[in-house]
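# Notes for the structure review
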Amino acid sequence: MRIGGAAVNRTQRLVLGFVALVWLALAVILLVSPETYDGSVGPTGIRRRLVDVGILVALSVPLALLGLATVRRWRWAFWLVLVAFFAGLLRVPAAALQLTGNLATADPAWYVILQAALGVVQFLIATAMLRGYRKAGVWGPY
């Protein structure tokens, strides 16, 4: 597969797919259930919608940068993504503690479960990235 003239391998497609999934999930949550973020953002009504759009735009910029770094195979981005995605597994015990009431949260249960699932996906992608690194170096296909 080619994006902007550059060949994109399986490892890069996994990371790009995850980035797109996270952005889409954020957009859907802000559209369908904006109250999920009410604990961290206060306004209501029209101002609330402007804040939601601001959140989406503010998070789109680093996600777009991550996408660009992935396509361009920037070495620093590989290591940043690898460490961050391996750390994503920490979402699972945190979610378990939140769901059992041992860790305070104002988030709905479905959101906590979504966070745990994303953490598992991140860990699996990091494992594939490490496998590709061992076979072919930074951004190597797994």
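Our structure's up above, just so we're on the same page.
Residues numbered from 1 in each chain as written. Predicted model: local features only at pLDDT ≥ 70, side-chain atom pairs only at ≥ 80, totals over all residues. Heavy atoms only, no water.

### Quick word on the environment of Trp79
Locating Trp79 in the fold gives a position in helix α3 (residues 75–87). The spatial distance from the C-alpha of Trp79 to the C-alpha of Met129 is 9.7 Å, given a sequence separation of 50 residues. Sequence-distant contacts of Trp79, that is, excluding residues within four places in its chain, are made with Tyr133 and Val138. (Helix = DSSP H or I, 4+ residues; strand = E, 2+ residues; numbered from the N terminus. Contact = heavy atoms within 4.5 Å.)

### Quick word on the packing of helix α4 (residues 91–99) against helix α5 (residues 109–136)
In the contact formed by α4 and α5, the axes pass within 8 Å of each other and the chain directions differ by 160 degrees. Regarding the angle of α4 to α5, the classification is roughly antiparallel. Between α4 and α5 the crossing geometry is left-handed. Residues Arg91, Val92, Ala95, Gln98 and Leu99 of α4 pack against Ala109, Val112, Ile113, Gln115, Ala116, Leu118, Gly119, Val120 and Gln122 of α5. Of the residues assigned to the contact of α4 with α5, the class counts are nine nonpolar, four polar and one charged. (Axes fitted to C-alpha atoms, helices over the stretch in contact; angles between N-to-C directions. Parallel < 35°, antiparallel > 145°, perpendicular 65-115°, else oblique. Left-handed = near helix turned anticlockwise from the far one by under 90°. Nonpolar A, V, L, I, M, F, W, Y, C, P; charged D, E, K, R; others polar.)

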